[in-house]
Amino acid sequence: MRLEGPWLRAAEGAMLLGPDGVPAPTVFAEMSALAAATGAINLGQGFPDEDGPREVLEAAVQAIRDGANQYPPGRGIPDLRAAIAEHQARWYGLDVDPDREVLVTAGATEALAATLLALVEPGDEVITFEPFYDAYGALVRLAGGTHVTVPLTAPDFLPDETTLRAAFSDRTRVVLVNTPHNPTGRVLPPEVLRTVVELAEQYDAVVVTDEVYEHLTFATPHVPIATLPGARDRTVTISSAGKTFSTTGWKIGWLTAPLALVDAITTVKQFLTFVNGSPFQPAVAAGLRLPTEVFTGIAATLAAKHELLADGLRRAGFDVMRPDGGYFVIADAAPLGFADAREFCLALPGRVGVVGVPVSAFVRPDHQSGYRSLVRFAFCKQRPVLEDAAARLAALTPTA
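Only a predicted model underlies this, so the values are computations on that prediction, with no experimental measurement involved.

Caption draft 1: Here's a closer look at the overall build of the protein chain. On a plain count of helices and strands, the protein chain comes out with 13 helices and 13 strands. The C-alpha atoms of the protein chain give 21 Å as radius of gyration, which agrees with the globular expectation for 400 residues (21 Å, within 12%). Taken over the C-alpha atoms alone, the protein chain extends approximately 60 × 50 × 50 Å along its principal axes. Within the protein chain, the fraction of its 400 residues that count as buried is 56%. For the protein chain, contacts bridging at least 24 residues in sequence account for 75% of all contacts bridging at least 6. Taken as two groups, the 32 positive and 46 negative side-chain charges of the protein chain have centres that lie 3 Å from each other.

See the structure below:
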């Protein structure tokens, strides 16, 4: 029996249903199951294997002891909303009203879901760059929208301006920009962001940004679109604490936007999770107020882990594409004689005991030709784990 309904139709649009209509596991679940079955090192999923700043963890424990265990306010506790506004002013010079222009969400994914469901009507077009985080396609389809993509092609993973301009039309409602970008690690340069703002103004579109890796850049600074001329009044800026503070299981995210947009998104969000993470909200507020050197130290530690894994991948024979930030590095398996990254990733745990994810998992099936041999590896792991993975990868031998 084939099941129907908007969630399954959305999943089908995001390539999550098998040919018989039965929900198929995502590539991340598939690769994680392989890691568990083979004892392989899992560099497929982007979650850290060590805790973040102790001040943040202790603040959560204290909040539980202090009784912050019931429903928080629908838009988030006042102190966290204030901390988010302070953060935007401190790092980017953005003046945000904590009472009217901030919404706390169950991670960035809920912020994205509520935003698209609030703003997109059937037939509206939503533009994203491709490769794209897999939730984007499902959420656009769930909202009834049409997903339009602009390719980021190897090795620089930057969009062609002509292609970007051609993607916009009178039906464009939202342009969703992920920078620093998952999976490529690219920080989109200001000239690309300015073009996005120009086109959003021309076509009266809303800019939605996914900035969850904002503090995890290595040399190229992150520039929020909302700081650019003409962008503030039409931009929904989304971020979260999970990646920065290594608390991905807490699911504390937020968005900032003009009041009218926050009100519309809140109307949807209240029927999704309603509220979440009461004791984690004061902890994240404490984290956002940590000294600047804590944030730069987190980024520097991650950059060193990237170098460790990237060096190991190069020694193993991959072509490695340097990210500007984030949790991931893209490596091309073609020099090793593997033209299909999915087949390569399925075989890799058994061959050397390491798991990666094919970049094709972030690309539509009919757009995969430029990404077919590319693999995404996560380096947000402890150094001994990465050293072990690099040593295992060195045992790879090219195919004939």
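Caption draft 2: Molecular detail of the UniProt feature "domain: Aminotransferase class I/classII large" (unreviewed entry) in the protein chain. Here the UniProt feature "domain: Aminotransferase class I/classII large" (unreviewed entry) sits at residues 40-379. For residues 40-379, the helix share is 37%, the strand share is 17%, and the end-to-end C-alpha distance is 15 Å.

Caption draft 3: Expanded view of the packing of aromatic side chains. As enumerated under the stated definition, the model contains 13 aromatic pairs in all. On the numbers, 5.2 Å between centres and 65° between planes, the contact of Trp91 with Phe295 is edge-to-face. Separated by 204 residues along the polypeptide, Trp91 in helix 4 (residues 78-92) and Phe295 in helix 11 (residues 292-316) bring together distant segments of the chain. Ring centres 5.8 Å apart and planes at 75° place the aromatic pair Phe318 and Phe344 in the edge-to-face group. Here Phe344 lies in helix 12 (residues 341-352) and Phe318 lies in the loop between helix 11 and strand 9 (319-321), a separation of 26 residues in the sequence.

Caption draft 4: Looking closely at the sheet that holds strand 4 (residues 146-151). Spatial ordering of the open sheet is given by 2-8-7-6-5-3-4, a layout of seven strands whose pairing is mixed. In the strand order of this sheet, the two ends are held by strand 2 (102-105) and strand 4, each with one partner. On average, each strand axis in the sheet is tilted by 20° relative to the strand beside it, whichever way the strands run. Strand direction decides the pairing type here: strand 2 and strand 8 (residues 253-256), joined by four bridges, are antiparallel. Counterpart to Val104 in the pairing with strand 8 is Trp254. Its contacts with the sheet put helix 8 (residues 190-203) on strand 3 (125-130), strand 5 (172-178) and strand 6 (206-210), and the angle it makes with strand 5 is roughly 165°.

Caption draft 5: Examining the side chain of Asp124 more closely. Take Asp124: it is sitting in the loop between helix 5 (107-119) and strand 3. Of the buried charged residues, Asp124 lacks a salt bridge, with Arg173 as the closest side chain of opposite charge at 4.6 Å. Looking at Asp124, its side chain comes within polar contact range of the main-chain nitrogen of Glu121, at 2.8 Å. Ignoring anything within four residues of it in the chain, the contact list for Asp124 reads Leu119, Gly145, Thr146, Arg171 and Arg173.

Caption draft 6: Main features of the pairing of strand 8. Here strand 8 shows two buried faces, one formed by Gly253 and Leu255 and the other by Trp254 and Thr256. Pairing between strand 7 (residues 235-240) and strand 8: four bridges, direction antiparallel. Across the sheet, residue Ser239 finds its bridge partner in strand 8, namely Trp254.

Caption draft 7: Just the pairing of strand 13 (residues 374-378), in detail. Summarising burial for strand 13: five of the five residues are buried, a large majority. Side chains Leu374, Arg376 and Ala378 project from strand 13 onto one buried face, and the interleaved Val375 and Phe377 project onto a second face that is buried too. Pairing analysis gives five bridges linking strand 10 (residues 328-332) to strand 13, with the strands arranged antiparallel. Its bridge partner being in strand 13, Ala331 is matched across the sheet by Val375. Pairing of strand 12 (residues 357-358) with strand 13, which is carried by two bridges, proceeds in the antiparallel orientation. Bridge pairing in strand 13 places Pro358 opposite Val375.

Caption draft 8: Up close: unusual backbone geometry. Looking along the chain, the bond that leaves Glu130 and enters Pro131 is cis, with omega of 10°. Relative to the helices and strands, Pro131 is located in the loop between strand 3 and helix 6 (134-142).

Caption draft 9: Looking closely at the pattern of salt bridges. Applying the stated criterion to the full structure yields 18 salt bridges. Residue Arg342 pairs with Glu30 through a salt bridge whose shortest N-O separation is 3.0 Å. Here Arg342 is found in helix 12, whereas its partner Glu30 is found in helix 2 (residues 27-38), with 312 residues between them in sequence. Overall, Glu30 belongs to the partly exposed group, its relative accessible area being 24%. Where Asp99 meets Arg81, a salt bridge forms, and the shortest distance between an N and an O atom there is 3.2 Å. Of this pair, Asp99 sits in the loop between helix 4 and strand 2 while Arg81 sits in helix 4, placing them 18 residues apart in sequence. On the accessibility criterion, Arg81 (9% relative accessible area) is buried. If you follow the salt bridges from partner to partner, you end up with Asp79, Glu86 and Arg289 in one network.

Caption draft 10: Just helix 6, in detail. Counting buried residues in helix 6 gives seven out of nine residues, a clear majority hidden from the surface. Buried residues of helix 6: Ala135, Tyr136, Gly137, Ala138, Leu139, Val140 and Leu142, and no others.

Caption draft 11: Main features of the packing of helix 11 against helix 13 (residues 383-393). Contact geometry of helix 11 with helix 13 gives a least axis separation of 8 Å together with a crossing angle of 10°. With respect to each other, helix 11 and helix 13 are oriented roughly parallel. Facing Ala304, Lys305, Leu308, Leu309, Gly312, Leu313, Arg315 and Ala316 of helix 11, the residues of helix 13 in contact are Arg383, Leu386, Glu387, Ala390 and Leu393. Within the contact of helix 11 with helix 13, the residues separate by chemical class into eight nonpolar, one polar and four charged.

The rules behind the values
- Starting from 1, residues in each chain are numbered consecutively following that chain's sequence as written.
- Restriction of local features to residues with pLDDT of at least 70 applies here, the model being predicted, together with a cutoff of 80 or more for giving and counting side-chain atom pairs; totals for whole chains, interfaces and linings are based on all residues.
- Each side-chain value is worked out from all heavy atoms of the structure, with water and hydrogens disregarded.
- Labels follow the DSSP assignment, with helices taken as runs of H or I lasting at least four residues and strands as runs of E lasting at least two, numbered in each case from the N terminus.
- In this treatment the radius of gyration is a C-alpha quantity, and the globule benchmark scales as 2.2 Å times the residue count to the 0.38 power.
- Under the scheme applied here, a residue whose accessible area is under 20% of the maximum for its type counts as buried, over 50% as exposed, and between as partly exposed, the area being computed with a 1.4 Å probe on protein chains only.
- Every residue pair with non-hydrogen atoms within 4.5 Å of one another is taken to be in contact.
- Charge assignment in this entry is limited to Lys and Arg as positive and Asp and Glu as negative, and neither His nor the chain termini are counted.
- Think of each charge as sitting on NZ of Lys, CZ of Arg, CG of Asp or CD of Glu.
- UniProt positions are given in the numbering used here, feature names are shortened, and annotations may be inferred rather than shown by experiment.
- Working definition: a ring pair exists when centres of Phe, Tyr or Trp rings (six-membered ring for Trp) sit within 6.5 Å. Plane angles under 30 degrees give stacked, over 60 give edge-to-face, the rest tilted.
- When DSSP finds two or more bridges between a pair of strands, those strands are recorded as paired.
- Whenever a helix is involved, its axis is fitted only over the stretch in contact; in every case the axis is a line through C-alpha atoms, and angles between N-to-C directions fall within 0 to 180 degrees.
- A pair is scored as a salt bridge if a Lys or Arg side-chain nitrogen falls within 4 Å of a carboxyl oxygen belonging to Asp or Glu.
- In protein, a polar contact requires one atom able to donate a hydrogen and another able to accept it; more generally it is a pair of N or O atoms within 3.5 Å, and residues adjacent in sequence count only if both atoms are side-chain atoms.
- Just so you know how the angles are binned, under 35 degrees is roughly parallel, over 145 roughly antiparallel, 65 to 115 roughly perpendicular, and the rest oblique.
- Charged residues are taken to be Asp, Glu, Lys and Arg, nonpolar residues to be Ala, Val, Leu, Ile, Met, Phe, Trp, Tyr, Cys and Pro, and polar residues to be all remaining types, Gly included.

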